[in-house]
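Single-letter residue listing:
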Amino acid sequence: NNQEVSCFGDVNNSDDSDVWRVTWSGGGKHWESGDKFYLQHDITKHYLGSLGLEYPQPLQGQKEVVAMRTKTADTLFSVAEGIYFPQRAPPKPQAAEKKKDSDAKQEKASEKKKNEL
């Protein structure tokens, strides 16, 4: 049997029933356009699914979503629209050291100017 999925609360009013886990085909740290993914409810372990039923009101074309016991074609979604940012490489240790050296030189120069005045 499918379970009803509803919205509850807001940013300041939530509970454990609002937690869904994302798993996707990419399997890495970041997903990309075209990856397939599932949303699994943290407590019930059911998967979010869309049955394809559309309602005319309140938003035309709105589809019904349910929580389903197992993974099916109805629970598999695709990453499609959005803004994708490239991964950033962590700063190289040398760059951080060079900045420290530069900052120290500037501080010494400022101190020297103050002493000359």
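Calculation criteria
- Residues numbered from 1 in each chain as written.
- Predicted model: local features only at pLDDT ≥ 70, side-chain atom pairs only at ≥ 80, totals over all residues.
- Heavy atoms only, no water.
- Salt bridge = Lys/Arg side-chain N within 4 Å of Asp/Glu carboxyl O.
- Helix = DSSP H or I, 4+ residues; strand = E, 2+ residues; numbered from the N terminus.
- Buried < 20%, exposed > 50% of the residue type's maximum accessible area, 1.4 Å probe, protein only.
- Phe/Tyr/Trp six-rings, centres within 6.5 Å; stacked < 30°, edge-to-face > 60°.
- Lys NZ or Arg CZ within 6 Å of the ring centre and 35° of its normal.
- Patch = residues over 30% accessible without salt bridge, like charges linked within 9 Å, V, L, I, M, F, W, Y side chains within 5 Å.
- Areas by Shrake-Rupley, 256 points an atom, 1.4 Å probe, with all protein chains shown as cover.
- Pairing = 2+ DSSP bridges.
- pLDDT = per-residue confidence, 0-100.
- Polar contact = N/O pair within 3.5 Å; in protein donor to acceptor, adjacent residues only side chain to side chain.
- Contact = heavy atoms within 4.5 Å.

## Some points on the pattern of salt bridges
Going through the model one piece at a time under the given rule, you end up with 1 salt bridge. A salt bridge links D42 to R21, with the shortest nitrogen-to-oxygen separation between them at 2.6 Å. A residue pair is termed long-range when its members are at least 10 positions apart, and D42 in the loop between β3 (36–41) and β4 (47–55) and R21 in strand β2 (residues 20–24) qualify at 21 residues. Taking relative accessible area as the criterion, R21 reaches 49% and is therefore assigned partly exposed.

## Structural notes on the packing of aromatic side chains
The geometry of an aromatic ring pair is captured by the separation of the ring centres together with the interplanar angle, meaning the angle of the planes. Counted by the stated rule, this structure contains 2 aromatic pairs. Considering the side-chain rings of Y38 and Y47, the 5.9 Å spacing of their centres and the 70° angle between planes classify their relative orientation as edge-to-face. Positioned above the aromatic ring of Y38 is the side chain of K71, whose terminal nitrogen or guanidinium carbon lies 4.6 Å from the ring centre.

## Overview of a nonpolar patch on the surface
A contiguous nonpolar surface patch, about 250 Å² in accessible area, is contributed by L51, L53 and Y55. Along the chain, the position of L51 falls in strand β4. With relative accessibility at 32%, the residue L51 sits in the partly exposed group.

## Let's talk about the pairing of strand β5 (residues 62–68)
Inspection of the sheet shows strand β1 (residues 3–4) paired to β5 by 2 bridges, in the antiparallel sense. Residue pairing across strands places Q3 opposite A67, the latter belonging to β5. Two elements, β4 and β5, share 6 bridges in a ladder whose sense is antiparallel. Residue pairing for β5: G49 is matched across the bridge by V66. What sits between the antiparallel neighbours β4 and β5 is a turn of 6 residues, in which G61 has the positive phi angle 90°.

## Describing the confidence of the model for the protein
When pLDDT is low, close inspection of the predicted coordinates is not appropriate. Mean pLDDT over the protein: 80, with 83% of residues reaching 70 or higher. Within the protein, the lowest mean pLDDT, 70, falls on helix α1 (residues 93–116), and the highest, 93, falls on β3.

## Some words on the side chain of H46
Within the element layout of this structure, H46 appears in the loop between β3 and β4. At 3.1 Å, the side chain of H46 and the backbone oxygen of T44 are in polar contact. Once residues within four sequence positions are removed from consideration, H46 is found in contact with N1, Q3, W20, L39, Q40, H41, A67, M68 and R69.

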